[in-house]
Amino acid sequence: MARARFVAGNWKMHGNLAQNQSLLEMVISGIRTLQDVSCAVCVPYPYISQAQLMLKGSHLAWGAQNVSQYHQGAYTGEVSADMLADLGCQYVIVGHSERRTLFGETDQVVAEKFRAALGRSLMPILCVGETLAQREQDETEKIIARQLDVVINLAGIDAFKESVVAYEPIWAIGTGKTATPHQAQEVHAYIRNRIAVHDRKIAENIQILYGGSVKASNARELFEMPDIDGGLIGGASLVAAEFVSICLAAQS
Ligand code: PGA
């Protein structure tokens, strides 16, 4: 049986109440007839309540872009998995390359955040990906393996039953430079095989999303690849018509 498709928007640090309202209204209405594709938006923390109010009962799920590795306590400025679950979040992005490079999140911290999300009915979307220099030095697989293995070792392979992986080559994020379907497929197959070493069934079922300059114009050819199960969409998720087209392109 084919894996179900999943498209998630990552708004990053964009939006305000008024803009979000019209964007969400247009997306809800654009995807209302969609079948066999799950769609979600990962919004900035302050707008999760707005998403919850507007999206409850719709086809669009909502989530966050980060979570604390701690469950509660004296961690000023942090937001726990319980708090996100309390606001109805179904998803949380962990290990986005912007968190890793701009905010110093190590593989270990990413793995702890991944584990914190589990068991709180929050599905982590674990991002992995290489820099351009790493790709040019033929280190893509080595980097992806390291990023995955730290999480597998800390959280256990069973955790991947309830999670999503997103391959996001750093050189393709926000650059307009998308990986070719072939380049992305190669890495997606590598990720699936790496998980299969631990558990073949989990590997077969896990959704592996591609992220990095996905647009309405290139989504379909990416989603046609056998190991690409959907997308994590940054810039294009802020434009309703683009995001809706990408969700529609995920429908087989
Ligand atoms: P992009 O971002 O689609 O704007 O390249 C993707 C992401 O960072 O998740």
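Residues numbered from 1 in each chain as written. Predicted model: local features only at pLDDT ≥ 70, side-chain atom pairs only at ≥ 80, totals over all residues. Heavy atoms only, no water.

**So, the overall build of the protein**
Next up, step 1: Looking only at helices and strands, one finds 11 helices and 8 strands in the protein.
Next up, step 2: Its C-alpha atoms give the protein a radius of gyration of 17 Å, near enough to 18 Å, the size a compact globule of 252 residues would have.
Next up, step 3: With the C-alpha coordinates of the protein rotated into their principal frame, the extents come out at 45 × 45 × 35 Å.
Next up, step 4: For the protein, with 252 residues in total, the buried portion stands at 53%.
Next up, step 5: If you take every contact in the protein between residues at least 6 apart in sequence, the share linking residues at least 24 apart comes to 73%. (Helix = DSSP H or I, 4+ residues; strand = E, 2+ residues; numbered from the N terminus. Rg over C-alpha atoms; globule rule 2.2 N^0.38 Å. Buried < 20%, exposed > 50% of the residue type's maximum accessible area, 1.4 Å probe, protein only. Contact = heavy atoms within 4.5 Å.)

**Points about the packing of helix α1 (residues 17-30) against helix α11 (residues 240-249)**
Next up, step 1: Packing of α1 against α11 brings their axes to within 9 Å, and their N-to-C directions diverge by 30°. As judged from the angle between their axes, α1 and α11 are roughly parallel. In this structure, the crossing between α1 and α11 has a hand that is right-handed. The residues of α11 that touch α1, namely those facing L23, M26, V27 and G30, are A240, F243, V244 and L248.
Next up, step 2: For the contact of α1 with α11, the residue count by class is 7 nonpolar, 1 polar and no charged. (Axes fitted to C-alpha atoms, helices over the stretch in contact; angles between N-to-C directions. Parallel < 35°, antiparallel > 145°, perpendicular 65-115°, else oblique. Left-handed = near helix turned anticlockwise from the far one by under 90°. Nonpolar A, V, L, I, M, F, W, Y, C, P; charged D, E, K, R; others polar.)

**A few points about the packing of aromatic side chains**
By convention here, two paired aromatic rings are described through the distance between centres and the angle between planes.
Next up, step 1: Evaluated as defined, the whole model comprises 4 aromatic pairs.
Next up, step 2: Measuring from centroid to centroid gives 4.0 Å for Y70 and Y75, while their planes differ by 5°, and the two rings are stacked.
Next up, step 3: By relative accessible area, Y70 is classed as partly exposed at 36%.
Next up, step 4: Over the aromatic face of F103 sits the side chain of R99, whose NZ or CZ is 4.2 Å from the ring centroid. (Phe/Tyr/Trp six-rings, centres within 6.5 Å; stacked < 30°, edge-to-face > 60°. Lys NZ or Arg CZ within 6 Å of the ring centre and 35° of its normal.)

**Focus: the sheet that holds strand β3 (residues 60-64)**
Next up, step 1: A barrel is described by the order of its strands in space; here 8 strands give the closed sequence β1-β2-β3-β4-β5-β6-β7-β8, paired in parallel fashion. Across the sheet, the mean angle from the axis of one strand to that of its neighbour is 30°, orientation sign disregarded.
Next up, step 2: Inspection of the sheet shows strand β5 (residues 123-128) paired to strand β6 (residues 164-167) by 4 bridges, in the parallel sense. Within the sheet, the bridge partner assigned to I125 lies in β6 and is V164.
Next up, step 3: Against the sheet, α11 makes contact with β1 (5-10), β2 (37-42), β3 and β8 (230-233), and its axis sits at roughly 160° relative to β1, the strand it touches most. (Pairing = 2+ DSSP bridges.)

**Some points on the nonpolar core**
Next up, step 1: Ranked by internal contacts, the top residues of the largest apolar core, which has 71 residues, are F160 and I191.
Next up, step 2: Formed by 13 residues, the second largest nonpolar core is a distinct cluster that contains C42, A61, I93 and C127. (Core = buried A, V, L, I, M, F, W, Y, C linked by side-chain atoms within 4.5 Å.)

**Overview of helix α10 (residues 216-223)**
Next up, step 1: If you check which residues of α10 are buried, you get N218, A219, L222 and F223. Looking down the long axis of α10, one finds its buried residues gathered within 130° of arc, a one-sided arrangement.
Next up, step 2: Its buried side turned inward, α10 meets β1, α8 (181-196), β7 (208-211), β8 and α11. (Arc of directions from axis to C-beta.)

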